[in-house]
Amino acid sequence: DSGVTQTPKHLITATGQRVTLRCSPRSGDLSVYWYQQSLDQGLQFLIQYYNGEERAKGNILERFSAQQFPDLHSELNLSSLELGDSALYFCASSVDGTPGSSPLHFGNGTRLTVT
Amino acid sequence: AQSVAQPEDQVNVAEGNPLTVKCTYSVSGNPYLFWYVQYPNRGLQFLLKYITGDNLVKGSYGFEAEFNKSQTSFHLKKPSALVSDSALYFCAVRDRITGGGNKLTFGTGTQLKVEL
């Protein structure tokens, strides 16, 4: 068990809808990372927060947004959903703000299916 | 941008035999390289990393990786494979993001299948 909790585990929704994915990082970790995993694109980095502030931004669409709250949990909001957004979304956490300085601990992911 | 390549989609090995999962890198400057493993329906787990120092890095579950600068490779190895090692293995590199910050860029993954 990595200590990173993601909810929900599965999400099925229709095109055009909006969903929120939630992540609780491992106790003591200040960074939260969001990744998208799909068969055609592999693992894509979306965004990182460190202690409540955005630290790095990757291939995150404008329809997507995220935030990290004072208690360090994070939410990823996906809106105007398209079929191509169907994927496994992972949250990871680490102690510090530079990825790789300490290991990233991944949650088990949220599988999003857009119909 | 820094990148890694995993040339094999799948590697099959018999239990008890040595295993190698290949990774090559393309970086400017000194590479920060990592191996992660993903079991079915689970998130990725950290195995090991190379920053500087010894070219042979030891990690979790008996895995090790050899950093080879001349061949720009960072292959994952284990002397004796177990059926329980069957999983998806990802090589990764720390990459700088235009506009600020860093990220881990992952390879496409190699499915390891260990058979009895």
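Structure: above.
What you are looking at is a predicted structure, and each value in this text was computed from that prediction instead of being measured. (Residues numbered from 1 in each chain as written. Chains lettered and ligands numbered in written order. Predicted model: local features only at pLDDT ≥ 70, side-chain atom pairs only at ≥ 80, totals over all residues. Heavy atoms only, no water.)

K.L.:
Break down the interface of chain A and chain B for me, with residues and values.
P.N.:
Taken together, the contact pairs 20 residues of chain A with 18 residues of chain B. Both faces combined, the contact of chain A with chain B buries some 1,600 Å², and carbon together with sulfur accounts for 56% of it. One can count zero salt bridges joining chain A with chain B. Among the elements of the structure, strand 4 (31-38), strand 5 (42-50) and strand 6 (53-57) of chain A are those that each provide at least two residues to the side of chain A that touches chain B. Of the residues assigned to the side of chain A that touches chain B, the class counts are nine nonpolar, eight polar and three charged. (Contact = heavy atoms within 4.5 Å. Buried area = accessible area lost by both parts, 1.4 Å probe. Salt bridge = Lys/Arg side-chain N within 4 Å of Asp/Glu carboxyl O. Helix = DSSP H or I, 4+ residues; strand = E, 2+ residues; numbered from the N terminus. Nonpolar A, V, L, I, M, F, W, Y, C, P; charged D, E, K, R; others polar.)

K.L.:
Give me the sheet that holds strand 7 (residues 64-68) of chain A: which residues, what numbers.
P.N.:
All names here are of chain A. The four strands are arranged 1-3-8-7 in an open sheet whose pairing can be described as antiparallel. With one partner strand each, in any of the chains shown, strand 1 (5-7) and strand 7 form the two edges of the open sheet. For this sheet the average axis-to-axis angle between neighbouring strands, irrespective of direction, equals 15 degrees. Of the pairings in the sheet, the one linking strand 1 to strand 3 (residues 19-24) comprises three bridges and is antiparallel in character. Pairing of T7 across the sheet is with R22, part of strand 3. (Pairing = 2+ DSSP bridges. Axes fitted to C-alpha atoms, helices over the stretch in contact; angles between N-to-C directions.)

K.L.:
Could you give an account of the layout of surface pockets, naming the residues involved and the relevant values?
P.N.:
The calculated volume of the largest pocket comes to roughly 1,100 Å³. Residue lining of the largest pocket: 49 residues in total, with Q37, L88 and F90 of chain A together with Q38 and R42 of chain B positioned closest to the centre. Residue assignment for the lining of the largest pocket shows that the elements contributing at least two residues are strand 1, strand 4, strand 5, strand 9 (87-94) and strand 10 (105-106) of chain A together with strand 6 (44-50), strand 10 (87-96) and strand 11 (102-106) of chain B. Residue composition of the lining of the largest pocket, by class: 20 nonpolar, 22 polar and seven charged. Lining the second largest pocket are 13 residues, and of these Q36, S38, Q41, G84 and D85 of chain A sit closest to its centre. For the lining of the second largest pocket, the elements supplying multiple residues, two or more each, are strand 4 and strand 5 of chain A. (1 Å grid on protein atoms, 1.4 Å probe; cavity = no way out; pocket = protein on both sides within 12 Å on 5 of 7 lines; lining within 4 Å. Points joined across faces, edges and corners; volume = space filled by probe spheres on them.)

Purely geometric numbers; function is a separate question.
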